[in-house]
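Breakdown of the fold
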Amino acid sequence: DDMDNIGGYGGSSKAASDGYGEPRGPKGLAAKAGPKKGMVLGSKQKTNRFMDALRQEGESVETEYTKGNEASAQVPQVPQESVSIIVEEKLNVHLSKDGGLESMEVQGTMMMEIQNEDDAFVKVAIDTGANEGYQFKTHPNIDKQLHANEGILGLKDPNRPFPCGSPLGILKWRFQTKDESKVPIVINCWPSVSGGESFVSIEYEASDGMEYENVSIVIPLPSSREPPTVNSCDGDFTVDSRRNELVWTIDLIDDSNRNGSMEFVTPACDGELFFPVQVNFSARSTLCDVKIVGVSRTTDDTPVKYGGETKLTVEEYTVA
């Protein structure tokens, strides 16, 4: 089943084998200890107390943890809360240059990372919409019935803690379609020759309800000493003469600019040379309608503060 290979759930997956309240061997701990250095924020006393506690548990502790190697100092984001939940979707879209969608696939994961063992006995309440056509899977140690009946992601055995110190996948989803109406941004590119010139009209149409950031639409150009003449452009453009590409950029697509177009002219050439068009963008929401309602303790249902982020990124998005 392909789903087992998505988002670190495969048989050889470290996240799956390390965790969820099972005994953690020295190997797992040494690997997990690395990034923690960046999150301790120089509190040596705390670090040493933590190390001593591990030694008392009979764990072999890497000495480089105390030395603090360079790599661990470059942890990009320090979670402000002990519990952080990252919801991420990756998108693959292949549009046909003659119109229509060849394939679209969305792969999503919800990852939870817990820093303090005090916060390891928790459950996550989520709210999901209709999500027609989406397939969901919970991690094998998550209570499937609790998820199905109440929209709660918790361990099968609520008396066990979630492991601390590394992100763990708790939910994943996948969606595949050939229905063009589901595509977030549809691109149409129309090259035509007139006289000694090729005229290229390219337009985008973005679906409602989401904002798309850092949008780039990259069109290959025929080899020519002359740069293309851009007659009109909604947004900005640059010509990469080394790579023979015209890069059309839109910082943000929202309700004010769901549609946009660009037109440029080059010396006459075969229309095939303007493909494949490559599209890239990001978003701070997901195509799947899934939201975190809250995190609470399994012991007494009190709420637990949590941080995190939601993001959509493009893996491959082409018009060819």
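This write-up is about the structure you can find in this document. Note that this is a predicted model, so its numbers are computed, not measured.

Some words on unusual backbone geometry
Excluding glycine, residues mostly have negative phi values, and the peptide bonds linking residues are mostly trans. In this model, Phe-275 is joined to Pro-276 through a cis peptide bond whose omega is 0 degrees. Position of Pro-276 among the secondary structure elements: in the loop between strand 13 (259–267) and strand 14 (277–283). Even without being a glycine, Asn-214 presents a positive backbone phi close to 50 degrees. With respect to the helices and strands, Asn-214 occurs in strand 9 (residues 212–220). With a phi close to 55 degrees, Asn-244 is a non-glycine residue in the positive phi region. If you trace the backbone, Asn-244 turns up in the loop between strand 11 (236–240) and strand 12 (245–253).

Brief notes about the environment of Leu-168
Within the secondary structure, Leu-168 is located in strand 6 (residues 168–177). Classification of Leu-168 as buried rests on a relative accessible area of 3%. Separated by 59 residues in sequence, Leu-168 and Thr-109 have C-alpha atoms that sit 9.9 Å apart.

Focus: the pairing of strand 9
Summarising burial for strand 9: 8 of the 9 residues are buried, a large majority. Pairing of strand 9 with strand 12, which is carried by 8 bridges, proceeds in the antiparallel orientation. Looking at the pairing, Ile-217 lines up with Trp-248 of strand 12. The pairing of strand 9 with strand 14 spans 4 bridges and is classified as antiparallel. For Glu-213, the partnering residue across the bridge sits in strand 14 and is Ser-282.

Details of the sheet that holds strand 8 (residues 197–206)
Reading across from one edge, 7-8-13-10 is the order of the 4 strands in this open sheet, with antiparallel pairing throughout. The sheet terminates laterally at strand 7 (185–194) and strand 10 (229–233), the two strands that pair on one side only. If you compare each strand with its neighbour and ignore which way they point, the axes differ by 15 degrees on average. Note that strand 8 and strand 13 share 9 bridges and pair antiparallel. Within strand 13, the residue paired with Glu-197 across the bridge is Pro-267.

Side note on the sheet that holds strand 2 (residues 101–114)
Taken together, the 9 strands give an open sheet; going across it, the order is 4-6-2-1-17-14-9-12-11, and neighbouring strands pair in mixed fashion. The sheet terminates laterally at strand 4 (135–138) and strand 11, the two strands that pair on one side only. In this sheet, adjacent strand axes meet at a mean angle of 15 degrees when their direction is disregarded. Relative to strand 17 (residues 306–319), strand 14 is paired through 4 bridges, and the arrangement is antiparallel.

Considering the pairing of strand 2
Strand 2 sits mainly inside the fold: 10 of its 14 residues count as buried. With 13 bridges connecting them, strand 1 (residues 83–95) and strand 2 associate as antiparallel partners. Within strand 2, the residue paired with Glu-89 across the bridge is Gly-108. Hairpin geometry of strand 1 and strand 2 is characterised by an intervening segment of 5 residues between the two adjacent antiparallel strands and by a positive phi of about 100 degrees at Gly-99. Here strand 2 runs beside strand 6; their pairing, made up of 9 bridges, is antiparallel. By the bridge assignment, Gln-107 is partnered in strand 6 with Arg-174.

Calculation notes
- Position labels on residues start from 1 in each chain and follow its written sequence.
- Whole-chain, interface and lining totals are the exception, using all residues; otherwise, since this is a predicted model, local features are given only for residues with pLDDT of at least 70 and side-chain atom pairs are given and counted only at 80 or more.
- Side-chain metrics in this entry use all non-hydrogen atoms of the structure; hydrogen atoms and water are not considered.
- By definition, any uninterrupted DSSP run of H or I lasting at least four residues is a helix, any uninterrupted run of E lasting at least two residues is a strand, and each is numbered from the N terminus.
- With a 1.4 Å probe rolled over the protein chains alone, any residue whose accessible area is under 20% of its type maximum counts as buried; one over 50% counts as exposed, and the rest are partly exposed.
- What makes two strands pair is DSSP finding at least two bridges between them.
- In this description, a line fitted to the C-alpha atoms serves as the axis of each element, helices being fitted only across the stretch in contact, and the angle between N-to-C directions of two axes falls anywhere from 0 to 180 degrees.

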